[in-house]
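Listed below, chain by chain, are the residues.
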Amino acid sequence: PTARSKSRHLFHRAKAVFPDGTTRATVERDPLPIYVERGEGAYLVDVDGNRFLDLNNFTTLIHGHGFAPVSEAVVDLMRSGTCFANPTEHEIALAELLTARIPAIEHVRFVNSGTEAVMFAIKAARAFTGRHAIARIEGAYHGAYDWAEAGQGVAPGKGGWDPGPTATPAYRGTPPSVADEVHLLRFNDVEGLERRLGEISDRIACVLIDPMPSRAGLIHPEPAFIEALSNTARKYGILILADEVLNLRQSYGGASARYGLTPDLITAGKIIGGGFPIGAIGGRAEVMRVFGSDETKPLLPQGGTFSANPVSMVAGRVAMEAMTQDAYDRLEQIGDRLRDGLQACIARHEAAFSVTGAASLFRIHPKRLAPREFRDAYLSASEAALMRTMGRQFLELGILLPRGAAACLSTAMTDSDIDLILNAFDEFLATEAKSGKE
Ligand code: PMP
């Protein structure tokens, strides 16, 4: 696919109305944003008529685009109203599904995005413990709440990595106090975690952790790290807040359940909305009481005009009901086939690449050794350029591959879609090997 004239024209119009021509910093614009005409299952069709296998959609659409059961349920619902200041049965049904499936969710509250879910979960941890600071994993992404985004990863300075234990605020003008209230831990670093939390334990409300942080490398949590986190948090009365906005899709019970983590609070989003805006804060009933109970006034009042809107509730329930154990098993199986195939390709070409991920998620790294944490996964300028080249080549072969984050599979994908990805990677490594020799 090469024709881009309509996308080019739309981008030109967009530049007149958006600060950089897009409404989100996360829109891929290399070489140009691809304006979508429609989605069809695992594929996107752009305004110029090009078809792309969609490995991006920010990991939201676990059934791909236009999943019929969701579309039909939502169309039905539209006729009877989409926004009420009253509760509906739909929110109870989705809550029942989540509490039945996800061990860490005894009670739940719905909001409209992952950012909002993480924000309220941090507030809940503060309200429950009476402590104001948090600890979080360096390099991980948790949305745009000031305290959640501080420490999402900065480039190493001239002297190498900053050994500083507190987080760098994410943007100019952030209140400096934010940095004092956010302490950094390195993923899979047991000794660092125990030492750091020991030093500041009385100030920390929670450890915010994504069990397999996508931006920090989409790296497996080592069992010893999970164990140390669990024991240290328990020892000091620190809550564990698992951010599963992205990784809930790793299994029927979510990611914490998969990796043996028992969080006090958990956030979800993306797949549980069936393609509509959603976020959820769940957790132990005792902790969730900060949002109120029959007898008590809330320590933490939480509202939201569109929170628990019936469209997201119904779409989410229908999408999640279709995620049976069999559906998760099949995703796991095509995910394994893809990751094994990519590894085999790397071995065949003796290329300096590696692959991380699990279930329906994968990430390709231009690194001979698979990274163990954010700093290992961090790309030098030349590695970043190489990944850009790879992304462009995939695009030319009709595949949308996100850069610097997790790529995702959906139940709409078939073995031939997996082959398409494997062939594209094989072709890319062959081109690279050739250009290296010239
Ligand atoms: N937490 C994690 C782990 C995420 O991956 C994301 C989104 N990529 C968020 C929070 C923020 O979610 P949203 O974009 O819905 O605000």
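Nothing here was measured: the structure is a model prediction, and the numbers come from that model.

Cut-offs used in this document
Every chain is numbered independently, its residues counted from 1 as its sequence is written. pLDDT decides what is reported in this predicted model: residues at 70 or higher carry local features, side-chain atom pairs at 80 or more are listed and counted, and totals for whole chains, interfaces and linings draw on all residues regardless. The basis for every side-chain value is the complete set of non-hydrogen atoms in the structure, without hydrogens or water. Only DSSP runs of H or I with at least four residues qualify as helices, and only runs of E with at least two residues qualify as strands; both kinds are numbered from the N terminus onward. Based on C-alpha atoms, the radius of gyration is set beside the globule rule, defined as 2.2 Å times the residue count to the power 0.38. Only protein chains enter the accessibility calculation, which uses a 1.4 Å probe. A residue is then buried if its area is under 20% of the maximum for its type, exposed if over 50%, and partly exposed in between. By definition in these notes, contact holds between two residues if any of their heavy atoms fall within 4.5 Å. Areas reported here follow the Shrake-Rupley algorithm with a probe of radius 1.4 Å; residue values treat only the protein chains shown as occluding. In this charge count, Lys and Arg are treated as positive and Asp and Glu as negative; neither His nor the chain ends contribute. A single reference atom marks each charge: NZ on Lys, CZ on Arg, CG on Asp, CD on Glu. Each pair of strands is called paired provided DSSP finds at least two bridges between the two strands. Working convention: axes come from line fits to C-alpha atoms, limited for helices to the stretch in contact. Angles between N-to-C directions cover 0 to 180 degrees. In plain words, nonpolar cores are sets of buried Ala, Val, Leu, Ile, Met, Phe, Trp, Tyr and Cys residues tied together by side-chain atoms within 4.5 Å. Where each domain begins and ends follows an automated or database-derived domain assignment. Any angle that falls under 35 degrees is termed roughly parallel, while one over 145 is termed roughly antiparallel, one within 65 to 115 roughly perpendicular, and all others oblique. Ten residues, namely Ala, Val, Leu, Ile, Met, Phe, Trp, Tyr, Cys and Pro, are considered nonpolar, four, namely Asp, Glu, Lys and Arg, are considered charged, and the remaining ones, Gly among them, are considered polar. Near is defined per residue: the residue qualifies when any heavy atom it owns lies within 4 Å of the molecule or strand. N or O atoms closer than or at 3.5 Å make up a polar contact, with two conditions inside protein: a donor-capable atom paired with an acceptor-capable one, and, for residues adjacent in sequence, both atoms drawn from side chains. Here the expected span of a helix is defined as 1.5 Å times the quantity of residues minus one. Throughout, the accessible surface (probe 1.4 Å) given up by two parts as they are put together, summed over both, is called the buried area. One side-chain nitrogen of Lys or Arg within 4 Å of one carboxyl oxygen of Asp or Glu is enough to make a salt bridge.

This part covers the overall build of the protein chain. Per the secondary structure count, the protein chain includes 15 helices and 14 strands. In terms of C-alpha radius of gyration, the protein chain reaches 22 Å, essentially the compact-globule figure of 22 Å for 438 residues. Summarising its shape, the C-alpha atoms of the protein chain cover approximately 70 × 60 × 45 Å along the three principal directions. Residue burial in the protein chain is summarised as follows: out of 438 residues, 53% are buried. Across the protein chain, every contact between residues at least 6 apart in sequence was considered, and the portion connecting residues at least 24 apart equals 69%. When the accessible surface of the protein chain is totalled, it reaches about 19400 Å², and 53% of it is carbon and sulfur. The centroid of the 46 positive side-chain charges in the protein chain is displaced by 5 Å from the centroid of its 53 negative side-chain charges.

Quick look at the sheet that holds strand β14 (residues 407-408) now. Strands sit in the order β11-β12-β14 across an open sheet of 3 strands; the sheet is antiparallel. Two strands close off the open sheet at either side, each with one partner strand: β11 (354-356) and β14. Two elements, strand β12 (residues 361-365) and β14, share 2 bridges in a ladder whose sense is antiparallel. Along β14, the bridge assignment pairs Phe 362 with Ala 407. Seen against the sheet, helix α12 (residues 325-349) touches β11 and β12 and runs at an angle of roughly 165° to β11.

Overall, mixed pairing links the 7 strands, which are arranged β4-β10-β9-β8-β7-β5-β6 in an open sheet. Looking at strand neighbours, the two that pair on one side only are β4 (107-111) and β6 (182-185), the edges of this open sheet. Geometrically, the sheet is characterised by an average inter-axis angle of 20° between neighbouring strands, direction not taken into account. For strand β5 (residues 133-137) and strand β7 (residues 204-209), the ladder comprises 4 bridges, and the chain directions are parallel. From the neighbouring strand, Ala 135 faces β7, where its bridge partner is Val 207.

Leu 55, Phe 110, Ile 272, Phe 353, Phe 362, Leu 409 and Phe 425 are the most contacted members of the largest nonpolar core, which totals 75 residues. It is α12 that contributes the most residues to this core, 8 residues altogether. Inspection of this core shows a minimum of three residues originating in each of domain 1 (5-66 + 325-437) and domain 2 (68-321). In contact with Phe 353, not counting residues within four places along its chain, are Ile 346, Ile 364, His 365, Pro 366, Lys 367, Arg 368, Leu 386, Met 387, Met 390, Phe 425, Phe 428 and Leu 429. Counting residues in each nonpolar core, the second largest holds 29 residues, with Leu 184, Leu 241, Phe 291 and Leu 300 among its members.

Running from N to C, helix α7 (residues 190-200) and helix α8 (residues 223-236) point in directions that differ by 10°, and their axes come no closer than 9 Å. Taken as axis vectors, α7 and α8 run roughly parallel relative to one another. For the pair formed by α7 and α8, the contact residues are Val 190, Leu 193, Glu 194, Leu 197 and Gly 198 on the first element and Ala 224, Phe 225, Ala 228, Leu 229, Thr 232 and Tyr 236 on the second. Residues that form the contact of α7 with α8 fall into these classes: 8 nonpolar, 2 polar and 1 charged.

Another point: the site of the ligand. Taken together, Ser 113, Gly 114, Thr 115, Tyr 141, His 142, Gly 143, Asp 210, Asp 243, Val 245, Leu 246 and Lys 270 make up all the residues around the ligand. Within the backbone of Gly 114, one N or O atom sits 2.8 Å away from an oxygen atom of the ligand. One of the backbone N or O atoms of Thr 115 is found 2.8 Å from an oxygen atom in the ligand. Isolated, the ligand exposes 400 Å² of accessible area, and the fraction of that covered by the protein chains is 79%.

Once that is clear, we can look at α12. With 25 residues, α12 should cover 36 Å at 1.5 Å per step; its first-to-last C-alpha distance of 36 Å lies within 8% of that length. The positive-phi residue at the C-terminal boundary of α12 is Glu 350, with phi of around 50°.

Turning our attention to the pairing of strand β10 (residues 279-283). Side chains on a regular strand alternate between the two faces of the sheet. Summarising burial for β10: 5 of the 5 residues are buried, a large majority. Looking at chain direction, β4 and β10 are connected through 5 bridges and run antiparallel. Residue pairing for β10: Phe 110 is matched across the bridge by Ala 280.

Moving on to the environment of His 9. With respect to the helices and strands, His 9 occurs in helix α1 (residues 5-15). Assessed through its relative accessible area of 46%, His 9 is described here as partly exposed. In the structure, His 9 is positioned 26 residues away from Tyr 35 in sequence and 10.0 Å away in space, judged by C-alpha atoms.

Structurally, His 142 is set in the loop between β5 and α5 (146-149). Here Asp 243 takes part through its side chain, which lies 2.7 Å from a polar atom of the side chain of His 142. Other than its neighbours up to four places away in sequence, His 142 contacts Val 118, Arg 136, Ala 148, Leu 208, Ile 209, Asp 210 and Asp 243.

What follows covers the domain arrangement of the protein chain. Domains assigned within the protein chain are domain 1 (5-66 + 325-437) and domain 2 (68-321). Averaged C-alpha coordinates put domain 1 and domain 2 at centres separated by 26 Å. Carbon and sulfur atoms make up 53% of the surface buried where domain 1 meets domain 2, a total of about 2900 Å² over both sides. A per-residue breakdown of the area domain 1 buries against domain 2 is headed by Tyr 328, Phe 374 and Arg 375, which together make up 26% of the total. Where domain 1 packs against domain 2, one counts 4 salt bridges. Glu 222 serves as the salt-bridge partner of Arg 372, at 2.6 Å between the closest nitrogen and oxygen.

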